[in-house]
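Each chain is listed here by its residues.
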2 protein chains.
Amino acid sequence: MATQSTTISPTTTEKLNSIISTAATASELWAATPAAERAAALISIASALDAAASELIPVAREETNLAEGRLKGELQRTTFQLRLFAETLNEGSYLDARIDHADQQWPMGAPRPDLRRQLEPLGPVLVFSASNFPFAFSVAGGDTASALAAGCAVILKAHSGHPKLSEATGDVVRTALAKAGAPEGLFSVIFGTQAGMDALADPLIKAGSFTGSISGGRALFDIASSRPEPIPFYGELGSVNPVFVTRAAAEIRKEEIAAGFTASFTLSAGQFCTKPGVLFVPAGSGLPELIAAQDLAEATPLLNPRIQSGYIEALQTVSNHDSVQVLRSEKRSLEDPPAPTILMTTAKKLIKDHEEIFTECFGPAALVVTFENDSELLEVASIIEGQLTATIHGENSDDVAELVRLLAKKAGRVIWNAWPTGVSVTYAQQHGGPYPATTSSTSTAVGTAAINRFLRPVAYQGFPQHLLPIALQDSNPLCVPQQVNGKSAGASHPMDHNK
Amino acid sequence: MATQSTTISPTTTEKLNSIISTAATASELWAATPAAERAAALISIASALDAAASELIPVAREETNLAEGRLKGELQRTTFQLRLFAETLNEGSYLDARIDHADQQWPMGAPRPDLRRQLEPLGPVLVFSASNFPFAFSVAGGDTASALAAGCAVILKAHSGHPKLSEATGDVVRTALAKAGAPEGLFSVIFGTQAGMDALADPLIKAGSFTGSISGGRALFDIASSRPEPIPFYGELGSVNPVFVTRAAAEIRKEEIAAGFTASFTLSAGQFCTKPGVLFVPAGSGLPELIAAQDLAEATPLLNPRIQSGYIEALQTVSNHDSVQVLRSEKRSLEDPPAPTILMTTAKKLIKDHEEIFTECFGPAALVVTFENDSELLEVASIIEGQLTATIHGENSDDVAELVRLLAKKAGRVIWNAWPTGVSVTYAQQHGGPYPATTSSTSTAVGTAAINRFLRPVAYQGFPQHLLPIALQDSNPLCVPQQVNGKSAGASHPMDHNK
């Protein structure tokens, strides 16, 4: 079990106030910094992290119990993410720049003034980092990258599970930013639960983000929403990530599905927000037996003692439910690292008791559910809460259009014939979903669209060119994509009279 | 004074539950309805409203005290808005369709799967209508138009100030939707404060919107945010809409500015959310005297008795403040319709007492503030709360870049040499702003971008073409704009390996 560091003290109120006020000043300077310079600074951070890998990874191993290969891959993902946001800044479509020329004949009944609109930074952002991704969703992770890209200062609340790594990564980020000429105080790391809550309530903070538990995330969301000035709070909380296997797929690809499922739910000891927690398989398909017979990953200590005890408690509650059988587990004492556990029930029972048993156990456990017919699957899809992902394993001949439609209502990402773990950082990625998957289903935590969560639109009416933001000027010196008089590529706007 | 209708009873709990459950079913059917059919239905509503103008406008006059010309113009705006959203649907860029092809060499460290993402409807929306725009921000107003366009059912909470008009307009909308083949229960009007609050708390409602007071809007925001499943709540609350006149502009265009200001703040008896409530003019410019000498609009009864008494109370509080003088008012008894009132103070006093005197008085009043130097204006711009608009009257030679930058932080729309009243419905419009102007500064209530407030992203990973939403298919039969592998027009993506 990882030892909890006690060498880093919580941030004092005095220090916190100074950090926040410096961040507010830095945020204004950063918002006014050209996008190309912000992009260069992100690339500097990425290079500095790559260069510091050999120092950071041992600290991460010591604090999180995660394997070296996993941590190296995560660091690569983290630096890739920073570089991809740099590219996003240089490309410019994230600004959603729109220009409407003045139009005396605008058919609204009154002339249209010259109106130009772009997205601008919200201001200082408070990021609560995750336990399970000490790099990619922590100090230099996705929200830090997208907030810095957006032009916002970042105050990073370190996770108590990896304080030394947070401090060391924070030093790398700060040094890289300073070398890149970024304003002082643009990025800071703070420590301690109280400091995090105090910062969230501070009027100078303009947005928050979080990755963690439903209870912790909801408490923070409530602070953000009940402030005198409420602020956006992007919490990623809990998700079961159901997987549905059609009868045709079970017949044709039974072995592949059994192996893929066990590999996915035990990856990193099941400590992924996208772990497939529930698998629906056709009754009589033999899949439960095949899954129970798989070689399972070794028992591994979880990220930290709190997560391990939380997992054991949640698992016991579900295991002991009358509707649930244990399909496979190994007897171990509570002190031992948990071994992968597979539970089982039927769709009928799950529909009846879904509030108690269709629930996230953060660790190496999964529930296999046998179903009799497709209408049970549709009923499950209708009653479940919001999810980060929902997956179907099927064949092209399957009639699953209605299931896809219902799952798209419940999940941010719907997956066909793959496993939900492993969230690619891309232009079209969506990592989010209806509550309780997140507190803001209209946003994503992964992918280039994540920059939008820290931006707000501002329109400029009737301004002379020299007073307009550069992306809204007619000469468009940065060559950012501009929508002019409602025209996107290939579209026509019959209401426009300016052409 | 308009008489308050007592003929329409509050919606009963039983009726409300039936309306909500029908709306939930209708919302699913509507979300699956092709965009072109939704567009046709919006156009049908617009045509039906145009055809019903001669019946609706007299009802609006009777209930709101607004003049016929103003109401006709507002109805034209309303039907234009519906038609513009129809155009938005047919054009398709609102979907933000993104396609990433699978890429084995994706430099994240793991292959990129095929990922496709579009925006999809949130589900049933509850719209609280406004007192001051009985057409354009009410039953068939902006939020109804954008929610229906987005593919969401709408439950419209009628404003108590114009219940008969709400019922009559609701009938027109419902009949038009039925004729267009829309699902039953897609649109309903409900009555009564309790019914509105109960609906907002109902788990089947997935978003809310509101136009009105800070206290009312905040109470509803708190309900929306404290639900077991919190939902987005787009409240447009209060705004002072400050206007800053530079010394150069005051010298060159004194008469024009005095006349424009008085016309704008007294338009519709000052009952616009964008009324310029505070005007900053250079000390010694003679502008206050010129403004005081303008022909002012006649005293007019306000929208309803509650608004009139609220206005008189707010105005008295500010007028009686030690830092404020009355520049112009007419003695009238409290029962008489209020005449335009102009108050006055200095920037120094306003900076000291801004919390008490820089405040919205919803009605025909404005505060003229004399300033000594530009640094006072910059200080004002730094300390004020969020605004819908902020305006500068200046000359091209003025050095106002810093003022523009500060105002863009505080307002959704920054205006040059015009007046904030009259919010054009366009592609680049932004009607929103930081709290308390709205509860969600990342959204707009006016313009085609308003459709986004009722949409959320969904990604589809690895799906065969026939199971994908039509806008994400390679053949792109609707010809909607698709961003493919991160490419927008004119942009290059060095990280893409698919070309």
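Parameters at a glance
- Residues numbered from 1 in each chain as written.
- Chains lettered and ligands numbered in written order.
- Predicted model: local features only at pLDDT ≥ 70, side-chain atom pairs only at ≥ 80, totals over all residues.
- Axes fitted to C-alpha atoms, helices over the stretch in contact; angles between N-to-C directions.
- Helix = DSSP H or I, 4+ residues; strand = E, 2+ residues; numbered from the N terminus.
- Parallel < 35°, antiparallel > 145°, perpendicular 65-115°, else oblique.
- Left-handed = near helix turned anticlockwise from the far one by under 90°.
- Contact = placed C-beta atoms within 7 Å.
- Nonpolar A, V, L, I, M, F, W, Y, C, P; charged D, E, K, R; others polar.
- Least-squares fit on C-alpha atoms with pLDDT ≥ 70 in both.
- Domains from an automatic or database assignment.
- Buried ≥ 20, exposed ≤ 12 C-beta atoms within 10 Å, placed from the backbone.
- Arc of directions from axis to C-beta.
- Pairing = 2+ DSSP bridges.
- Right-handed = clockwise from strand over helix to strand, strands pointing away.
- Expected span 1.5 Å × (residues − 1).

Looking at the packing of helix 13 (residues 347–357) of chain A against helix 14 (residues 374–383) of chain A
Residues and elements named next belong to chain A.
Working step 1: Packing of helix 13 against helix 14 leaves a shortest axis separation of 10 Å and a crossing angle of 20°. By the angle between their axes, helix 13 is roughly parallel relative to helix 14. Crossing hand, helix 13 versus helix 14: left-handed. Counted together, A347, L350, I351 and H354 of helix 13 and E376, E379, V380 and I383 of helix 14 form the full contact between these two elements.
Working step 2: For the contact of helix 13 with helix 14, the class distribution of residues is five nonpolar, one polar and two charged.

Some remarks on the relation of the copies chain B and chain A
Working step 1: Mapping chain B onto chain A leaves a residual RMSD of 0.0 Å; the transformation is a rotation of 180° accompanied by 0.0 Å of translation along its axis. What the rotation and shift describe, once combined, is the action of a two-fold rotation axis.
Working step 2: The residues that chain B uses at the interface reappear at the interface of chain A in 100% of cases, marking a shared surface.

What about the packing of helix 2 (residues 35–51) of chain B against helix 6 (residues 163–179) of chain B?
Residue and element names in this part refer to chain B.
Working step 1: Where helix 2 contacts helix 6, the axes come no closer than 8 Å and their chain directions differ by 135°. Compared by their axis directions, helix 2 and helix 6 come out oblique. Between helix 2 and helix 6 the crossing geometry is right-handed. Contacts from A41, S44, I45, A48 and L49 in helix 2 reach V172, V173, T175, A176, L177 and K179 in helix 6.

Description of the domain arrangement of chain A
Accessible area lost during the coming together of the parts is what is often quoted as the interface size.
Residue and element names in this part refer to chain A.
Working step 1: Here chain A is described as being made up of domain 1 (13–237 + 443–454) and domain 2 (243–416).
Working step 2: The distance between the C-alpha centroids of domain 1 and domain 2 comes to 33 Å.
Working step 3: The residue inventory of the side of domain 1 that touches domain 2, partitioned by class, reads one nonpolar, five polar and two charged.

Some words on unusual backbone geometry
Residues and elements named next belong to chain A.
Working step 1: Residue P436 follows Y435 across a cis peptide bond; omega there is 5°.
Working step 2: Mapped onto the elements of the fold, P436 is located in the loop between strand 14 (411–416) and strand 15 (455–461).
Working step 3: The phi torsion at C479 lies on the positive side, around 55°, for a residue other than glycine.
Working step 4: For C479, the location among the structural elements is in the loop between strand 15 and strand 16 (482–484).

Quick look at helix 14 (residues 374–383) of chain B
Residue and element names in this part refer to chain B.
Working step 1: Of the residues making up helix 14, those classed as buried are L377, V380 and A381. In a view along the axis of helix 14, the buried residues occupy a sector of 95°, so they form one face of it. In helix 14, those exposed residues whose orientation departs by more than 90 degrees from the buried face are S375, S382 and I383.
Working step 2: In this structure, the buried side of helix 14 is in contact with strand 8 (243–245), strand 9 (278–282), helix 13 (347–357), strand 12 (365–371) and helix 15 (401–410).

Some points on the pairing of strand 14 (residues 411–416) of chain B
Working step 1: Most of strand 14 of chain B is tucked away: six of the six residues are buried.
Working step 2: Sheet topology note: the strand 15 of chain A/strand 14 of chain B ladder contains three bridges and is parallel. Bridge pairing links A459 of chain A to R413 of chain B in strand 14 of chain B.
Working step 3: Across five bridges, strand 13 (residues 387–393) of chain B lies against strand 14 of chain B in parallel orientation. Bridge pairing in strand 14 of chain B places T391 of chain B opposite I415 of chain B.
Working step 4: Taken together, strand 13 of chain B, helix 15 of chain B and strand 14 of chain B form a β-α-β motif whose crossover is right-handed.

Some words on helix 12 (residues 305–319) of chain A
Residue and element names in this part refer to chain A.
Working step 1: The terminal C-alpha atoms of helix 12 lie 21 Å apart, and with 15 residues this matches the ideal 21 Å at 1.5 Å per residue to within 8%.
Working step 2: By the burial criterion, the buried members of helix 12 are I307, Q308, Y311, L315 and V318. Buried residues of helix 12 fall within an arc of 100° about the axis and therefore sit on the same side. For helix 12, the exposed residues set more than 90 degrees away from the buried face come down to S309, E313 and Q316.
Working step 3: For helix 12, the elements touching its buried residues are strand 11 (341–346), helix 13 and strand 12 (365–371).

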